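One-letter residues, chain by chain:
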Amino acid sequence: MKELSLHILDITQNSIRAQAKLVELFIVESTANNELTIIIKDNGCGIPADRLENITDPFVTTRTTRKVGLGLSLFKAAAEGCGGYFEISSTQGVGTKVVASFKRDHIDRVPLGNMADTILTMVMSFGAADLIYEHDYNNQLFVFNTQEIKATLEVESLNEPDILNWIREYVSEGLKEIQEMMEEALWQSP
Ligand SMILES: Nc1ncnc2c1ncn2[C@@H]1O[C@H](COP(=O)(O)OP(=O)(O)OP(=O)(O)O)[C@@H](O)[C@H]1O
Ligand SMILES: [Mg+2]
């Protein structure tokens, strides 16, 4: 895929299909460690141990519309093709965790993509499920939490044009800020 955000959307849709009420997305970028790691955690139905073994095999799917599932296998191939690694762990009735790590400067590492638009798409497609998104850019942290926003605005759903516009701005500005803070810190260091 052309952007990592497309993988993220795809994997979080698995979580929603698994009836997750909360999806947590962690992105850790470290230039010093040359890594970009994406962690997606949910509290959905989980995957039985016997299916987990070969879950990244494209022929493993619970879809009835077609016989192959590609989301996990493509994400794994992308990470491993960039000198990184892929892990999936799951407990039935508890949830699932997917980790994909990339060598940040690997020539085949595609860009992350527009996270503000990605978060917006997730919020719009999540229904009642909540999202916590934490982005750590060289130890500068941006946090977005739909539970907190719903509580502050005293609303049940964020799926309103005004709120969605605000979310796009908030994420876009927040990510710009952690990038700038990091660059400033670099300039000021001796
Ligand atoms: N977070 C999850 N919770 C529970 N089951 C999951 C989760 N993620 C994946 N699965 C199971 O693993 C299977 C394979 O997932 P994968 O994303 O690779 O393919 P798919 O979702 O079936 O199809 P595609 O992603 O190509 O639309 C799914 O059909 C589903 O049964
Ligand atoms: Mg999928």
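Predicted model, so just to flag it, every value in this text is computed and none were measured.

A few points about the overall build of the chain
- A count of helices and strands for the chain gives six helices and six strands.
- Reading the helices (α) and strands (β) of the chain from amino to carboxyl end gives α-β-β-α-α-β-β-α-β-β-α-α.
- Here the chain has a C-alpha radius of gyration of 17 Å; the compact-globule value for 190 residues is 16 Å, and the two agree.
- Along the longest, intermediate and shortest principal axes, the C-alpha atoms of the chain span 55 × 45 × 25 Å.
- A buried classification covers 26% of the 190 residues belonging to the chain.

Describing the sheet that holds strand 5 (residues 130-137)
- Ordered by their spatial adjacency, six strands build an open sheet running 3-4-2-1-5-6, and the pairing between neighbours is mixed. The sheet terminates laterally at strand 3 (85-91) and strand 6 (140-145), the two strands that pair on one side only. Averaged over all pairs of adjacent strands, the angle between strand axes in this sheet comes to 10 degrees, irrespective of strand direction.
- Seen against the sheet, helix 3 (residues 71-80) touches strand 3 and strand 4 (95-103) and runs at an angle of roughly 145 degrees to strand 3.

Let's talk about the site of ligand 1
- Neighbouring ligand 1 are 20 residues, the closest being Asn 14, Ala 18, Thr 61, Gly 69 and Gly 71.
- Looking at the shell around ligand 1, the elements with two or more residues in it are helix 1 (4-17) and helix 3.
- Tallied by class, the residues present in the shell around ligand 1 amount to seven nonpolar, ten polar and three charged.

Focus: the nonpolar core
- Formed by 31 residues in total, the largest nonpolar core has its most connected members in Leu 25, Ile 40, Ile 119 and Leu 131.
- Per-element tally for this core: the top contributor is helix 4 (residues 115-125), with five residues.
- Excluding residues within four positions of it along the chain, Leu 131 makes contact with Val 23, Leu 25, Met 122, Val 123, Phe 126 and Thr 146.

Quick notes on the rules
Residues numbered from 1 in each chain as written. Chains lettered and ligands numbered in written order. Predicted model: local features only at pLDDT ≥ 70, side-chain atom pairs only at ≥ 80, totals over all residues. Helix = DSSP H or I, 4+ residues; strand = E, 2+ residues; numbered from the N terminus. Rg over C-alpha atoms; globule rule 2.2 N^0.38 Å. Buried ≥ 20, exposed ≤ 12 C-beta atoms within 10 Å, placed from the backbone. Pairing = 2+ DSSP bridges. Axes fitted to C-alpha atoms, helices over the stretch in contact; angles between N-to-C directions. Contact = placed C-beta atoms within 7 Å. Near = placed C-beta within 6 Å. Nonpolar A, V, L, I, M, F, W, Y, C, P; charged D, E, K, R; others polar. Core = buried A, V, L, I, M, F, W, Y, C linked by C-beta atoms within 7 Å.

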